[in-house]
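# What the coordinates show
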Amino acid sequence: MQYKNEIKNDEIIVFADTSLYSKDSIFKCLYWYGDKYHTNVSFADNNTYRVSVKPLSTNQLSQEEQQYLLLKLERDLVDYNLRDIVTKETQNVRDLLIAKAFSNGEFDELPPGDVSDPLGFNINQLKND
Amino acid sequence: MINEKADKRSRKFREIDQFDLNEQPQYYLLPFRFHRITDDKEIIVNEVGDYLLLSNGTFERIVKRQLDKKKDADLYGDLIANFFISEEPIPPLIDVLATRYRTKKLFLNYFTGLHIFVISLRCEHTCHYCQVSRVTQNKDLYDMSIANIDKGIDIMFKSPNPHVTMEFQGGESLLAFDNIKYAVEKAERIAKEVGKGLTKVICSNLALINEEILEYCKEHEILISTSLDGPQYVHDNNRHKPHASSYELAIKGIELSRKVLGHDRVSALMTTTKLSLDYPVEIVDEYFRLGFQGIFLRNISPYGFALRTDKSKYETEKFLTFYKKALDRILEYNFSGHYFTEDLAKIFLTKILTPFNVGFVDLQSPAGLINGVIVFNYDGGVYATDESRMLAEQKDYTFKLGTLDDNYNDLFFGKKAQEIANVWANEALSGCSECAFQQYCGADPVHNHATQGDMYGYRPNSDFCQKNMEIIRYLIELMESDSRIKKIFERWAKTSTH
Ligand code: SF4
């Protein structure tokens, strides 16, 4: 079903396809609205999030401001979804990077094979002889 | 029937279209973060603080793999060279990146360097914004005892840091100058024995400074740090001294101190108050006129404000306007050939433009409290930061780590320290975790607690966040729009790493 983003009774409502937007990104986005707006996330149907923000009573908006807010919310949802993609795709590299940075060499790769001199003597064996 | 496809697959050489001539390159993303700088520019910053400024929509194209290797050759090259993307799942140079990350967090290697001794709470000033003044006479009650000084020195030398700094604060520290002398001489002896570096600083309003004190400072290589809020009408309004001008005493003190100790052994710090906000240019001019090499435009003190109100947000906006006007003025001096810095900008710029970091308590992650600074209060209490002991003056002991009678491990690694450690890395805080400026900014649990009532903090209405985010954004906007400013900023950043 097609939903249209709208402003209804002072509430800014945006719909997001669950196959395109992650739940994390929606909450991370709404986090920044919490000081001035009531925020809400629910399902419009199985495949669609309904995301809404409504100004607190102390924060009345003009029509123009509401239009701007709708645009901002739409844009922020896209931004946070993209950020979330980067975060999730790069989580492993990031963990590896930080582990390497603080590891004092434990995570550095050793050259493959035994340590030996170019002539092929096995140093470990020589030491034991 | 001959299966042509299968046949081809079995050949030694593959068809030419099997090779990587795709215009749409296959690449892997590396960790980085994104922020909008202006209406038409956006920024991406990687894990070690390198940034690329891009035109709007580029971030989306990068993430959606819409770059064209030929048409976007420059951008593609930049992204690869600066570790934003990689053509292999794990970049071949990941060890280089790891070393750079380590360099950015090098301040963690040394542990606590700055040890603040609140040598006396007594003060002869009655500044209206100061919570700690107005206890004047009783020496026994408000001076640090010799026994506590001994214990403080003992703890200081247990720090693994090869170079420790001992800073005497007040109240007015010079009211307890005899105790300072005792502390300095004892610390010098031990530093020599154990082979540690020792820097000594006296923080004073200089009203009581005289040649005798300064000769002692000279002999013992003690630095002087004083307070100067701007021109006389600002300073004297902020700092009330009965029957005298605090400004005149400070200026006289600065001149005398420079004469005896040398010009660069004396520094000054300003406190921004509501009154200061109306005089950005005059305050900068005053510092310039007095021959300082820069000024630190510090945020208006949050203590006493209650956040989650529009008031503090409004105050922060006013501070930002003040800051930008003052910075403009500072840049004017630089345009005309002078070297004159703004020190908050200098801290950010060092992080933005160099491979290094700055050990500045409020702008580190993990935070600088305990890791970088510790405070020994006059009464033997040990606090995480200077602001923490100010809170204690309002009977809030949240950041009291213990007393000088406790052992080192309990103070620095005990329950309280662990509780604070849960919230001292901005990498793991809501809001900050996805913020492009994470590497440039820091975490300040004490500020969060003081202004928002909990250490974790709430970024959307945090004045700390609002201020840092806007100043960092503004600095980048400035230098990217004017190459002269970029040169000046590069010079500031460079000089702070020497
Ligand atoms: S405090 Fe604000 S500016 Fe600083 S890292 Fe966190 S979100 Fe970014």
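Values in this document were obtained by computation on a predicted structure and should not be read as measured data.

All right, on to the interface of chain B and chain A then. With 37 residues of chain B at the interface, the matching set in chain A holds 27 residues. A buried area of about 2900 Å², summed over both sides, lies between chain B and chain A, and 64% of it is on carbon and sulfur atoms. Together, R36, R102 and E434 of chain B form the three largest contributors to the area buried by chain B at its contact with chain A, with a combined 20%. The tally of links between chain B and chain A comes to five salt bridges. At the surface where chain B touches chain A, the tally comes to eleven residue pairs in polar contact (both at pLDDT 80 or more). Mapped onto the side of chain B that touches chain A, the elements with two or more residues apiece are β2 (32-36), α2 (58-63), α4 (94-104) and α18 (463-481) of chain B. In terms of residue count, α4 of chain B provides more of the side of chain B that touches chain A than any other element does, six residues in total. Of the residues in the side of chain B that touches chain A, the class split is 18 nonpolar, six polar and 13 charged.

Estimates place the volume of the second largest pocket at around 1500 Å³. Taken together, 39 residues make up the lining of the second largest pocket; nearest its centre are W32, K72 and D76 of chain A together with H35 and M469 of chain B. Broken down by secondary-structure element, the contributors of at least two residues to the lining of the second largest pocket are α2 (63-101) of chain A together with β2, α12 (310-335) and α18 of chain B. For the lining of the second largest pocket, the residue count by class is 17 nonpolar, five polar and 17 charged. A domain split of the lining of the second largest pocket shows at least three residues from each of domain 1 (23-104) and domain 2 (106-475) of chain B.

Now for the site of the ligand. Taken together, W32 of chain A together with N426, G431, C432, C435, Q438, C441, R459, C465 and M469 of chain B make up the full set of residues near the ligand. This site is not confined to one chain, since residues near the ligand come from chains A and B. Given that more than half its atoms are within 2 Å of the pocket grid, the ligand belongs to the largest cavity. Of the residues belonging to the shell around the ligand, the class tally is six nonpolar, three polar and one charged.

Enumeration over the complete set of coordinates arrives at 28 aromatic pairs over all chains. On the numbers, 5.8 Å between centres and 50° between planes, the contact of Y33 of chain A with Y37 of chain A is tilted. Judged by centre distance (5.6 Å) and plane angle (45°), the ring pair of F296 of chain B and F360 of chain B falls under tilted. Taken as a pair, F296 of chain B in the loop between β11 (294-295) and α12 and F360 of chain B in the loop between α13 (343-353) and β13 (373-376) lie far apart in primary sequence, 64 residues in all. Here F296 of chain B falls in the buried class, since its relative accessible area comes to 13%.

A few words now on a negative patch on the surface. Residue and element names in this part refer to chain B. Taken together, the side chains of E185, E211, E215 and E219 present a region of like negative charge at the surface. With three residues, the top contributor of residues to the negative patch is helix α8 (residues 211-219). Looking at the element boundaries, E215 is found in helix α8.

Residues and elements named next belong to chain B. Domain annotation of chain B identifies domain 1 (23-104) and domain 2 (106-475). Computed from C-alpha coordinates alone, the two centres of domain 1 and domain 2 are separated by 37 Å. In this complex, domain 1 contributes 18 residues to the contact, which on the side of domain 2 involves 21 residues. When the two sides are added together, the surface that domain 1 and domain 2 hide from each other amounts to roughly 1500 Å², 51% of it contributed by carbon and sulfur. In this assembly, domain 1 and domain 2 are joined by zero salt bridges. Connecting domain 1 to domain 2 are eleven residue pairs in polar contact (both at pLDDT 80 or more). Among the elements of the structure, β2, β3 (41-46) and α4 are those that each provide at least two residues to the side of domain 1 that touches domain 2. Per-element tally for the side of domain 1 that touches domain 2: the top contributor is α4, with five residues. Of the residues in the side of domain 1 that touches domain 2, the class split is six nonpolar, five polar and seven charged.

Moving on to the pattern of salt bridges. Scanning the entire structure with this criterion turns up 34 salt bridges over all chains. Here K200 of chain B makes a salt bridge to E188 of chain B, at a shortest N to O gap of 2.7 Å. You can see K200 of chain B sitting in strand β8 (residues 197-204) and its partner E188 of chain B sitting in helix α7 (residues 177-194), a full twelve residues away along the chain. Using a relative accessible area of 23% as the deciding quantity, one classes E188 of chain B as partly exposed. For D482 of chain B, the salt bridge goes to R484 of chain B, with nearest N and O atoms at 3.1 Å. What you see here is one network of salt bridges that share partners, running through D24, K28, D84 and K88 of chain A together with E434 of chain B.

Attention now goes to α4 of chain B. Among all positions in α4 of chain B, only I94, L97, A98, Y101 and K104 of chain B are buried. In an axial view of α4 of chain B, the angular spread of the buried residues amounts to 115°, which keeps them on one side of the axis. In this structure, the buried residues of α4 of chain B make contact with α2 of chain A together with α13 of chain B.

Conventions and cut-offs
Residues numbered from 1 in each chain as written. Chains lettered and ligands numbered in written order. Predicted model: local features only at pLDDT ≥ 70, side-chain atom pairs only at ≥ 80, totals over all residues. Heavy atoms only, no water. Contact = heavy atoms within 4.5 Å. Buried area = accessible area lost by both parts, 1.4 Å probe. Salt bridge = Lys/Arg side-chain N within 4 Å of Asp/Glu carboxyl O. Polar contact = N/O pair within 3.5 Å; in protein donor to acceptor, adjacent residues only side chain to side chain. Helix = DSSP H or I, 4+ residues; strand = E, 2+ residues; numbered from the N terminus. Nonpolar A, V, L, I, M, F, W, Y, C, P; charged D, E, K, R; others polar. 1 Å grid on protein atoms, 1.4 Å probe; cavity = no way out; pocket = protein on both sides within 12 Å on 5 of 7 lines; lining within 4 Å. Points joined across faces, edges and corners; volume = space filled by probe spheres on them. Domains from an automatic or database assignment. Near = heavy atom within 4 Å. Sits in = over half its atoms within 2 Å of the grid points. Phe/Tyr/Trp six-rings, centres within 6.5 Å; stacked < 30°, edge-to-face > 60°. Buried < 20%, exposed > 50% of the residue type's maximum accessible area, 1.4 Å probe, protein only. Patch = residues over 30% accessible without salt bridge, like charges linked within 9 Å, V, L, I, M, F, W, Y side chains within 5 Å. Areas by Shrake-Rupley, 256 points an atom, 1.4 Å probe, with all protein chains shown as cover. Lys, Arg positive; Asp, Glu negative; His and termini not counted. Charge placed at Lys NZ, Arg CZ, Asp CG, Glu CD. Arc of directions from axis to C-beta.

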